[in-house]
Amino acid sequence: MAPLATTADVEDRLGRSLTSAETDRIDGLLADASASVRTYTGQQFTKATTTDKLRIRRGVIRLPPLRVEEVTAVVDANGNAIAYTFDGIDRLQVGTNVLDSFSFVPWRTPLNVLTVTYEHGYDDIPDDIIAVVCSIASRSLGVNPTAAAVTQEAVAPFSHSIGSIGAAATATDLLAQS
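This write-up is about the structure you can find in this document.

Rules of the game
Once a new chain begins, its residue numbering starts again from 1 and follows that chain's sequence as written. Totals for whole chains, interfaces and linings use all residues, but because this is a predicted model, local features are given only for residues with pLDDT of at least 70 and pairs of side-chain atoms are given and counted only at 80 or more. Only hydrogens and water are set aside when side-chain values are computed; all heavy atoms of the structure are taken into account. Under the scheme used here, helices are H or I runs from DSSP no shorter than 4 residues and strands are E runs no shorter than 2 residues, and both carry numbers assigned from the N terminus. Relative accessibility under 20% of the residue-type maximum defines a buried residue, over 50% an exposed one, and the middle range a partly exposed one, all with a 1.4 Å probe and only protein chains included. Contacts were defined at the residue level, with two residues in contact if any of their heavy atoms lie within 4.5 Å. The method behind every accessible area is Shrake-Rupley, applied with a 1.4 Å probe, and residues are considered shielded solely by the protein chains displayed. Strands are treated as partners if at least two bridges between them are detected by DSSP. Axis lines are fitted through C-alpha atoms, for helices just across the contact stretch, and the angle between N-to-C directions can take any value from 0 to 180 degrees. Only one rule defines a salt bridge in this text: a Lys or Arg side-chain nitrogen within 4 Å of an Asp or Glu carboxyl oxygen. Only the six-membered ring of Trp is used, alongside the rings of Phe and Tyr, when aromatic pairs are assigned; centres must lie within 6.5 Å, and planes under 30 degrees apart are stacked while those over 60 apart are edge-to-face, with the rest tilted. As used here, the term nonpolar core means buried Ala, Val, Leu, Ile, Met, Phe, Trp, Tyr and Cys residues forming a set that is joined through side-chain atoms within 4.5 Å.

## Some details on the overall build of the protein chain
A count of helical and extended segments in the protein chain gives 3 helices and 8 strands. The linear arrangement of helices and strands in the protein chain, starting from the amino end, is α-α-β-β-β-β-β-β-α-β-β. Buried positions account for 30% of the 178 residues belonging to the protein chain. Within the protein chain, counting contacts between residues at least 6 apart in sequence, those at least 24 apart form 68% of the total. As presented, the protein chain carries roughly 11400 Å² of accessible surface, and 52% of it is formed by carbon and sulfur atoms.

## A closer look at the sheet that holds strand E1 (residues 48–55)
Spatial ordering of the open sheet is given by E1-E6-E3, a layout of 3 strands whose pairing is antiparallel. Looking along the sheet, the strands with just one partner apiece sit at the ends: E1 and strand E3 (68–75). Between one strand axis and the next, the sheet turns by 25° as a mean value, whatever way the strands run. Pairing geometry for E1 and strand E6 (residues 113–120), over 8 bridges, is antiparallel. Within the sheet, the bridge partner assigned to Arg-55 lies in E6 and is Val-113.

## Structural notes on unusual backbone geometry
Among all residues except glycine, the phi angle is most often negative; among peptide bonds, the trans geometry is most common. The step from Ala-156 to Pro-157 runs through a cis peptide bond, and the omega angle for that step is 0°. Residue position: Pro-157 is located in the loop between strand E7 (152–155) and strand E8 (158–161). With phi around 70°, Phe-45 is a residue other than glycine that occupies positive phi space. Take Phe-45: it is sitting in the loop between helix H2 (20–41) and E1. Residue Phe-45 is classed as buried on the basis of its relative accessible area, which comes to 7%. Positive phi outside glycine occurs at Arg-58, with the angle close to 55°. For Arg-58, the position within the fold is in the loop between E1 and strand E2 (60–62).

## Section: the pattern of salt bridges
Across all of its chains, the model carries 4 salt bridges by this definition. For Arg-62, the salt bridge identified is with Asp-90, shortest N-O distance 2.5 Å. With Arg-62 in strand E2 and Asp-90 in the loop between strand E4 (82–86) and strand E5 (91–98), this residue pair connects regions lying 28 residues apart in the sequence. Note that Arg-67 and Glu-69 form a salt bridge whose closest N and O atoms lie 2.4 Å from each other. For Glu-69, a relative accessible area of 39% gives the class partly exposed.

## A look at the packing of aromatic side chains
Scanning all chains against the criterion turns up 1 aromatic pair. Each ring, one from Phe-45 and one from Tyr-122, has its centre 6.2 Å from the other, and the planes form 25°; the classification is stacked. With a gap of 77 residues between them, Phe-45 in the loop between H2 and E1 and Tyr-122 in the loop between E6 and helix H3 (127–141) connect regions that are remote in the sequence.

## Quick look at the nonpolar core
Counting 18 residues, the largest nonpolar core has Leu-4, Val-10, Ile-26, Leu-30, Val-37 and Val-133 as its most contacted members. Broken down by secondary-structure element, the contributors of at least two residues to this core are H2 and H3. In contact with Leu-30, other than residues within four places in its own chain, are Pro-3, Ala-5, Thr-6, Thr-7, Val-10, Val-133 and Ala-137. Among the nonpolar cores identified, the runner-up in size contains 14 residues, and Leu-54, Ile-61, Ile-82 and Val-116 belong to it.

Written out as structure tokens, the structure reads:
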């Protein structure tokens, strides 16, 4: 999946061009930072069309929180189109009637799962998401990849420790709020 920010976005925020060593690492860091943000938010952000099997509860289907733009199809297990009303945000009201022809199957219970095809995402990635991805990638550029997750360092007779709230896991992880 495409990163949520570009090398140019990172350079704009740093106020300088990347060094050759940083340029060698930036694509991977942007991919890692984008994956962290997508996992944390549960959002893809980029435009896509998805087909999911979703459960009906009291005649309503709740769509995943993906900034749904349009619902293009709702069908039953046999591929029959189902009438629906989309509220423009995240809810589908489905009817018991079907559109077109209905190949009868002796349903013993009402339908409880339908297949929904919908378009979601942003045309342009929001600026705050780009900023977070660039922040993670920039922080990662300042960390030696072989020293990631170091929380204590000692050179006799001195030692330095970073508490557990610090960036102890890896440089691409999201930091805990203080």
